[in-house]
Amino acid sequence: MQELIYALEFIGLMAFAISGIIAAKAQEMDPVGLYFVACVTAFGGGTVRDLVLDNHPVYWIQHQEFPILILAVAIVFAYFRNTSKVKESHILIPDALGLAIFSVLGTKLAVDIEMSPFIAVLLGVMTGTVGGVMRDALCNEIPYLFRKLQLYGTCAFIGCWLYIGVLEITEQEILALWSSFVFIVVLRLLAMRYDWRLQKPRN
Amino acid sequence: MQELIYALEFIGLMAFAISGIIAAKAQEMDPVGLYFVACVTAFGGGTVRDLVLDNHPVYWIQHQEFPILILAVAIVFAYFRNTSKVKESHILIPDALGLAIFSVLGTKLAVDIEMSPFIAVLLGVMTGTVGGVMRDALCNEIPYLFRKLQLYGTCAFIGCWLYIGVLEITEQEILALWSSFVFIVVLRLLAMRYDWRLQKPRN
Amino acid sequence: MQELIYALEFIGLMAFAISGIIAAKAQEMDPVGLYFVACVTAFGGGTVRDLVLDNHPVYWIQHQEFPILILAVAIVFAYFRNTSKVKESHILIPDALGLAIFSVLGTKLAVDIEMSPFIAVLLGVMTGTVGGVMRDALCNEIPYLFRKLQLYGTCAFIGCWLYIGVLEITEQEILALWSSFVFIVVLRLLAMRYDWRLQKPRN
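Residues numbered from 1 in each chain as written. Chains lettered and ligands numbered in written order. Predicted model: local features only at pLDDT ≥ 70, side-chain atom pairs only at ≥ 80, totals over all residues. Heavy atoms only, no water.

## What about the relation of the copies chain B and chain A?
Each copy of the sequence occupies a distinct position, and chain B is placed on chain A by a rotation of 120° and an axial shift of 0.0 Å, giving an RMSD of 0.0 Å. One copy is carried onto the other by what is essentially a three-fold rotation axis. It is L51(B) whose C-alpha, among those of chain B, lies nearest the rotation axis, at 4.2 Å. The residues that chain B uses at the interface reappear at the interface of chain A in only 8% of cases, marking distinct surfaces. (Least-squares fit on C-alpha atoms with pLDDT ≥ 70 in both. Contact = heavy atoms within 4.5 Å.)

This is the structure we're talking about:
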């Protein structure tokens, strides 16, 4: 179980870090800016959650391997990757992975310390979305979360309820984790593919 | 006393949430964006104050009725209210109420744990203004607090000192609460009505 | 030792506060805005570090003399200084001082509580840069840290490693403090003078 969570965290952190690096690169930031945005995107949601829950030490202080790894990734992207081919849309897949993983893990953590379901879902959605909101704010874009885009926060919101429902019924944490994780990724990808929205844009 | 404070918090939270929804709506955000901005505006100031004071659990984790209620309000505004009539100026009255309530309650809380007066006033002004600053930052506007507008933060600053003064002299907490609350709302409304400013705008 | 640190903190806080006031003034903010930006710039990095490390009470709550002093400085700048002569470049010297002081002190604090070196350096750079990033975000500029400018965060990053190296070798904290402080200021000033960058801007 611990290994599964560690592996998921690893994937989620890398996915968010890379989405941050791509966004920063699109703004022509320098390597330090890339690293800063990558760390904020990767650790932002979890740090805010840990602070709100008074959960210390916060995640990345205990796991220095992650900030070191992200530094390496940022250097590679800064100096060795051709920037001209990076498009905004390249963010979307890693961003969907990060969103799903951190929303579910945030909900799990809140359920484990016996938060009420609605608060656990809110904390999950917060864990999954705040890093991306900070990334977009630092890169001077209107955050994805707020645009009349295809479903984004909504995927996380429904998926976190799914985690709580499956856990309640089956009492199998791993089943709850996997089903809500897969649900969020698939719903997000389908929403992008078929242009599902909560409201039509006015144009 | 507890009931009065709960009632004031309720009014302040709703006022700030509605100001957040109006601001987000003016940016044509979707329902999830509306809810996010509403929560940040309503809970932002209090959460930052609680974190700085190491005051756990933070307010909204203990009171899940408020985030649920704000969700309902956001859905109503998103789908049932005609957006075309919403103007920026509609923010100003709920914003003034929220500013007054949270500045005074923030100062009270800091005085109760025996902070020095200047720090208590700073924490009060912070509690009252940070939610609105975050709202305006998320909606890509220059925060009200910072424009050469009619008195805003200044109303809260003077009102918080009034709370401390009245409490010191009369030792009646309720009197101090009410007098500083009414003072801030009236001063803010008068400042808007008669265009009082700390500095003239340059042109 | 305590006196030296207090004196450095005093200089760093004033330097960052003044850089915040200059930036806010360039945006024609009113006196309340000036004070808010000055406080955020001066206390932002240290507050985030204290929250992340669960280090309470946070710095400025224990030292109310600093927010009071910054209020006086903000009033002087708001009413008595001719604004027309203030240029953006006037920020750069106080900003370099603040960057150096808070990066080194942040690293020292993290080393004192036995954080691993990489995390201590990250916390140091965070303490030194977050206030400035918040200042620039509030003033609607692309943060200095992120522009393809002359070395900025990099100076702090190298300087914090220097602190750890000197401390490791000599075990003299004062020597480590001074050498890394001087190193960061000199490197930053040289980088500005001779236009050293991590990457060439594209045009």
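Let us keep going from here.
## Quick word on the side chain of D95(B)
Its location among the elements puts D95(B) in helix α5 (residues 92–112). When residues no more than four places from it in sequence are discounted, the contact partners of D95(B) are F16(B), S19(B), R135(B) and Y152(B). (Helix = DSSP H or I, 4+ residues; strand = E, 2+ residues; numbered from the N terminus.)

## Here's the deal with the relation of the copies chain A and chain C
If you rotate chain A by 120° and push it 0.0 Å along the axis, it lands on chain C with an RMSD of 0.0 Å. When you check the interface residues of chain A against chain C, a mere 8% turn up at the interface there too, and the two sides of the contact use different surfaces.

## Looking at the interface of chain B and chain A
Taken together, the contact between chain B and chain A spans 25 residues of the former and 26 residues of the latter. Carbon and sulfur atoms supply 68% of the area buried between chain B and chain A, which totals about 2,200 Å² over both sides. The tally of links from chain B across to chain A stands at 0 salt bridges. For the side of chain B that touches chain A, the secondary-structure elements that each account for two or more residues are α2 (31–52), α3 (59–62) and α4 (65–80) of chain B. When residues of the side of chain B that touches chain A are assigned to their parent elements, the largest contribution, 8 residues, is made by α2(B). Tallied by class, residues from the side of chain B that touches chain A come to 16 nonpolar, 6 polar and 3 charged. (Buried area = accessible area lost by both parts, 1.4 Å probe. Salt bridge = Lys/Arg side-chain N within 4 Å of Asp/Glu carboxyl O. Nonpolar A, V, L, I, M, F, W, Y, C, P; charged D, E, K, R; others polar.)

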